[in-house]
Amino acid sequence: MIITTGDAPAAHIVERAKKLAAETGVNYVPRNKMSLAKLKQKYNDDEIIVVVEGGARLFSSSGQSLHFHPSMGFVRAKRLLKGESDPMLDAARVEPGDIILDCTAGLGTDAIVFALKVGSRGKVIALESSLTLYTMLKEGLEHYKTGLYEVDEAMRRIEVKRAHHLTILTQLPDNSVDVVYFDPMFRDPIAESSSIKPLRKYANHEALHIESIREACRVARKCVLLKEKRDSEEFERLGFKQMSRGSSKIAYGVIDVDIR
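Residues numbered from 1 in each chain as written. Predicted model: local features only at pLDDT ≥ 70, side-chain atom pairs only at ≥ 80, totals over all residues. Heavy atoms only, no water.

(A) Main features of the nonpolar core. Core analysis: the biggest nonpolar cluster contains 49 residues, and Phe114, Ile158 and Leu225 have the highest contact counts within it. Residues within four places of phenylalanine 114 in sequence aside, it is in contact with Met88, Leu89, Val94, Ile100, Val124, Tyr181 and Leu225. By size, the runner-up hydrophobic cluster in this structure holds 24 residues, among which are Ile168, Ile213, Ala220 and Ile255. (Core = buried A, V, L, I, M, F, W, Y, C linked by side-chain atoms within 4.5 Å. Buried < 20%, exposed > 50% of the residue type's maximum accessible area, 1.4 Å probe, protein only. Contact = heavy atoms within 4.5 Å.)

(B) Geometry of helix 1 (residues 11–24). The first and last C-alpha atoms of helix 1 sit 20 Å apart over 14 residues, in line with the 20 Å expected at 1.5 Å per residue. Of all the positions in helix 1, only Ile13, Val14, Arg16, Ala17, Leu20, Ala21 and Thr24 are classed as buried. The buried residues of helix 1 occupy one face: seen down the axis, they fall within an arc of 160 degrees. Across helix 1 from its buried face, at more than 90 degrees, point the exposed residues Ala11 and Ala22. Summarising the contacts, the buried residues of helix 1 are in contact with strand 1 (2–5), strand 2 (27–28), strand 3 (47–52), strand 4 (55–60) and helix 6 (131–143). Phi for glycine 25, located one or two positions after helix 1, is positive at around 80 degrees. (Helix = DSSP H or I, 4+ residues; strand = E, 2+ residues; numbered from the N terminus. Expected span 1.5 Å × (residues − 1). Arc of directions from axis to C-beta.)

(C) Examining unusual backbone geometry more closely. Phi at lysine 33 takes a positive value of approximately 60 degrees, unusual for a residue other than glycine. Within the secondary structure layout, lysine 33 lies in the loop between strand 2 and helix 2 (36–43). The backbone of arginine 93 shows a phi angle near 55 degrees, a positive value even though the residue is not glycine.

(D) Layout of the pairing of strand 7 (residues 123–128). A large share of strand 7 lies buried, amounting to five of its six residues. Between the parallel pair strand 6 (residues 99–102) and strand 7, the chain is carried across by helix 5 (residues 109–118), and the sense of this crossover is right-handed. With four bridges joining them, strand 7 and strand 8 (residues 159–162) adopt parallel strand pairing. Opposite glutamate 128, over in strand 8, you have arginine 162 as the bridge partner. (Right-handed = clockwise from strand over helix to strand, strands pointing away. Pairing = 2+ DSSP bridges.)

(E) Layout of the sheet that holds strand 7. Spatially, 8-7-6-9-10-12-11 is the arrangement adopted by the seven strands of the open sheet, whose pairing is mixed. Unpaired on one side and paired on the other, strand 8 and strand 11 (241–243) mark the two borders of the sheet. Neighbour to neighbour, the strand axes of the sheet diverge by 25 degrees on average, direction disregarded. With three bridges joining them, strand 11 and strand 12 (residues 250–256) adopt antiparallel strand pairing. Across the sheet, methionine 243 pairs through a bridge with tyrosine 252, a residue of strand 12. (Axes fitted to C-alpha atoms, helices over the stretch in contact; angles between N-to-C directions.)

Spelled out as structure tokens, the structure:
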């Protein structure tokens, strides 16, 4: 993977691209008016991240492109600002000031909703093991503008780390966060939006391990939350109580640790 800019980038975009490359360990190459196809050929690399004004775009040899966008996270955030409820937040009993560990961040859809709810007194730590998604997420959360100040501020507050969740969980002290959240790639995909399909190629597809859940229960003060297909066997396998969402194809599983 390489990092570059658009055809005629402003100086601050070039500096952002260099900074992102340094922070992620990815090679930065100047665009020099070369086409993306020629850049791929010259550097023999199938993935190019192009830093743009509002975040970053990924181009691959498959012809697919992926760009950072809060997607349904923005829709849910707007509903939250209107005083409406959110099933994920309700299932985990999230409150302002809570500390959330999002173990499978992807492009941050759920992390944004968490960050808006916990507010400036709270904290959201977003973990992503895929270098590609981590790089896109890091740049997008820092620079994407939704047009709503509250949502943009929530995005900027999210702390992004590139790591496998089990590595981080084993390093954390007991009862050090309020909620530990998992949203793994479903083993049996449901109909997906156009924003999710290209993401699947770069995501970590491994099933959750029992050890991860044990460590999450040790680390969490309030609960461990799992997002899965409704009636998924993963809820029972991992010890979660499924919280139904009515007609939705998605459900949340909860392990309450504050009442044990």
